[in-house]
Amino acid sequence: MAEPARRHLISLNDLDDEDLRWIVGRGVEYALGHRTDERPLRNSVAGILFRKTSTRTRTSFSAGALRLGAKLINYGPGDLQENTGETIEDTAAVLSRMLDMLVVRTSGAEAELRAYAVSSRMAVINAMCADEHPTQALADLTTLTQRFGRVEGLRVLYVGEGNNTASALALALSRYDDTSLYLRTPTGYGLDQRFLDRAELNAKRSGALVEEWHDMAELPHVDVVYTTRWQTTGTVKHTEDWREVFAPFHVDAAVMAESGAKVFLHDLPAHRGEEVAAEVLDGPASLAFTLAENKYHSARAVLAWCAGTGTREDPVRDA
Ligand code: CP
């Protein structure tokens, strides 16, 4: 019997519209408690390679793979012979003969993930790299769909560094009709122009708006305020005065009131008193911990899709 074709998830831009919506829809189904008896990863072995710290993403993919029927091999940052000079290409050529999927977190660029993705025998999943955090954005979309019943037309204010969470959010929201993403990022710590350009290309097709300002003046009226901690995992700041530069990019009750947002999202981990006031993170508008849970539901959807489940032959049920 032919092996199922496995699929890589390295950038949101790799997904066509149908696959993007399938993964988000399946994540919502899992969040609602559907399909708990299905084991699309039965007889599979998943490698979990995390070079950087993680609580949510690592646990989401590990628990998700186990629940879907896979067995796991965990690799810490010092475990593979890459540390003694073996190339990623040689490592991937070996692992792809033994594993069905490899979930990777690295502080390297997207190109590093692509170097692992050499074979359709082993799906490679980007669990965060320097450029993009696509599985975070898929959990974000799952949470928005669960809360609002749609993503189309939503207005989101993002406050904080233009990091890999922001780039993935921009690529994700710009795929949906008439969404608006207002990025408020500190000067010198904005979204990489490559991602603004890609999001604007998406937006031309969908009618979305992606706009970046470097101050907190005149906040737009939005549905959702989203922030992320000032110290992005795996990165260091390139200016000594970065705390002063970041200080205004803080979400408190005044920001929530001025923006009119009914929902607050944070990708976590959080530092109360820095990027967000405790009263907002722990307040009634916050879905930060629902979003954390949805990382698990969304990870299962990603794993099922990468294993070859999906789309026309396996439609998402109405939630
Ligand atoms: N949001 C997120 O990616 O969390 P972890 O770093 O804990 O995986």
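From a predicted model like this one, the values you see are computed outputs, not experimental measurements.

Calculation criteria
All residue numbers refer to positions counted from 1 along the written sequence of the respective chain. Two thresholds apply to this predicted model, a pLDDT of at least 70 for residue-level local features and 80 or more for giving and counting side-chain atom pairs, whereas whole-chain, interface and lining totals are computed over all residues. Each side-chain value is worked out from all heavy atoms of the structure, with water and hydrogens disregarded. Numbering of helices and strands runs from the N terminus; a helix is a DSSP stretch of H or I covering at least four residues, while a strand is a stretch of E covering at least two. Between the two quantities, the radius of gyration covers C-alpha atoms and the globule rule is 2.2 Å times the number of residues to the power 0.38. Partly exposed describes any residue whose relative accessible area lies between the buried limit of under 20% and the exposed limit of over 50%, with all areas from a 1.4 Å probe on protein chains only and scaled to the type maximum. Only the protein chains shown count as cover for residues, with accessible areas throughout obtained via the Shrake-Rupley method and a probe of 1.4 Å. UniProt positions are given in the numbering used here, feature names are shortened, and annotations may be inferred rather than shown by experiment. Should any heavy atoms of two residues lie within 4.5 Å, those residues are counted as being in contact. Counting of polar contacts relies on pairs of N or O atoms within 3.5 Å, with two restrictions inside protein: one atom must be capable of donating a hydrogen and the other of accepting it, and residues adjacent in sequence are counted only when both atoms are side-chain atoms. Two strands qualify as a pair provided that DSSP identifies no fewer than 2 bridges between them. Throughout, an axis means a line fitted to C-alpha atoms (over the contacting stretch in the case of helices), and angles, computed between N-to-C directions, take values from 0 to 180 degrees. Nearness here has a simple test: a residue counts as near a molecule or strand if at least one of its heavy atoms is within 4 Å of that partner. Gly counts as polar in this scheme, as do all residues outside two lists: the nonpolar Ala, Val, Leu, Ile, Met, Phe, Trp, Tyr, Cys and Pro, and the charged Asp, Glu, Lys and Arg. Segmentation into domains, and thus their bounds, comes from an automatic or database assignment. Among the buried residues, those of types Ala, Val, Leu, Ile, Met, Phe, Trp, Tyr and Cys that are joined through side-chain atoms within 4.5 Å form a nonpolar core. Centres within 6.5 Å are what make two rings of Phe, Tyr or Trp a pair, Trp counting through its six-membered ring; a difference in plane orientation under 30 degrees is then read as stacked, over 60 as edge-to-face, and the rest as tilted.

Enquirer: Go over the overall build of the chain, please, and point to the residues and values.
Expert: Helix and strand counts for the chain stand at eleven helices and nine strands. Radius of gyration (C-alpha) of the chain: 19 Å, near the 20 Å computed for a compact globule of 319 residues. Taken across its 319 residues, the chain has 57% of its residues classed as buried. Only carbon and sulfur atoms are counted for the fraction: they give 50% of the accessible area of the chain, which is about 13,200 Å².

Enquirer: Which residues make up the UniProt feature "domain: Aspartate/ornithine carbamoyltransferase Asp/Orn-binding" (unreviewed entry) in the chain, and what values go with them?
Expert: UniProt records the feature "domain: Aspartate/ornithine carbamoyltransferase Asp/Orn-binding" (unreviewed entry) for residues 152-306 in the present numbering. Taken end to end, residues 152-306 is 38% helix and 15% strand, and its first and last C-alpha atoms sit 25 Å apart.

Enquirer: Report on the environment of H266, specifying residues and quantitative values.
Expert: Structurally, H266 can be placed in strand β9 (residues 263-266). Residues contacting H266, with those up to four places away along its chain left out, are T227, T228, R229, E275, V276, L281, A288 and L291. In this structure the side chain of H266 is engaged in a polar contact, spanning 3.4 Å, whose partner is the side chain of D267. Side-chain polar atoms of H266 contact the backbone nitrogen of L268, separated by 2.8 Å.

Enquirer: Let's hear about the sheet that holds strand β5 (residues 155-159): which residues, and what values?
Expert: Taking strand neighbours across the sheet as the criterion, the five strands line up as β7-β6-β5-β8-β9 in an open arrangement whose pairing is parallel. With partners counted over all chains shown, the strands left at the sheet margins are β7 (209-213) and β9, one partner each. Along the sheet, successive strands turn relative to each other by an average axial angle of 20°, direction set aside. Sheet analysis places strand β8 (residues 224-227) next to β9, joined by four bridges and oriented parallel.

Enquirer: Account for the site of the ligand, with residues named and values stated.
Expert: Taken together, the residues surrounding the ligand are S54, T55, R56, T57, R105, H133, Q136, D267, L268 and K295. A distance of 2.9 Å is found between a nitrogen atom of the ligand and a backbone nitrogen or oxygen belonging to D267. Between an oxygen atom of the ligand and a side-chain N or O atom of K295, the distance comes to 3.3 Å. Alone, the ligand offers 250 Å² of accessible surface; in the complex the protein occludes 96% of this. Partitioning the shell around the ligand into residue classes produces one nonpolar, five polar and four charged. Among the domains, domain 1 (12-132 + 295-306) and domain 2 (136-292) are the pair contributing at least three residues each to the shell around the ligand.

Enquirer: Break down the sheet that holds strand β3 (residues 101-105) for me, citing the residues and quoting the values.
Expert: Strand order in this open sheet of four strands is β2-β1-β3-β4, and the pairing throughout is parallel. Here the strands that pair on one side only, and so sit at the sheet edges, are β2 (71-75) and β4 (123-126). Each neighbouring strand pair of the sheet contributes to a mean axis angle of 20°, computed without reference to strand direction. Direction of pairing for β3 relative to β4: parallel, over a ladder of four bridges. Paired with V104 across the bridge in β4 is N126. Most of the contacts of helix α2 (residues 56-67) go to strand β1 (residues 45-50), to which it runs at about 175°, and overall it touches β1, β2, β3 and β4.

Enquirer: Which residues make up the nonpolar core, and what values go with them?
Expert: Of all hydrophobic cores here, the largest spans 59 residues; its most connected members are L12, L138 and L141. Tallying contributions element by element places helix α11 (residues 288-306) first for this core, with eight residues. Both of domain 1 (12-132 + 295-306) and domain 2 (136-292) provide at least three residues apiece to this core. Those residues within four positions of L12 in sequence are excluded, and the remaining contacts are L20, E132, P134, A137, L138, A168, L171, A172 and R175. Formed by 20 residues, the second largest nonpolar core is a distinct cluster that contains M216, L268, V280 and A288.

Enquirer: Go over the UniProt feature "domain: Aspartate/ornithine carbamoyltransferase carbamoyl-P binding" (unreviewed entry) in the chain, please, and point to the residues and values.
Expert: Within this numbering scheme, the UniProt entry marks residues 7-145 as carrying the feature "domain: Aspartate/ornithine carbamoyltransferase carbamoyl-P binding" (unreviewed entry). Taken as a whole, residues 7-145 contains 39% helix and 14% strand, while its terminal C-alpha atoms sit 24 Å from one another.

Enquirer: Quick one: what's the story with the packing of aromatic side chains, residue by residue and with numbers?
Expert: Counting across every chain of the model gives five aromatic pairs. Plain terms: the ring middles of W230 and W242 are 6.5 Å apart, the flat faces sit at 90° to each other, and that makes the pair edge-to-face. Here W230, found in the loop between β8 and α8 (242-246), pairs with W242, found in helix α8; they are twelve residues apart in sequence, far enough to count as distant. Look at W242 and you get buried, because its relative accessible area is 14%. Pairing W230 with F246 gives two aromatic rings, centres 6.1 Å apart and planes at 65°, and the pair type is edge-to-face. Highlighted residues: W230 in the loop between β8 and α8 and F246 in helix α8, separated in sequence by 16 residues. A relative accessible area of 6% places W230 in the buried class. Members of the aromatic cluster, connected to one another through ring pairs, are Y189, W230, W242 and F246.

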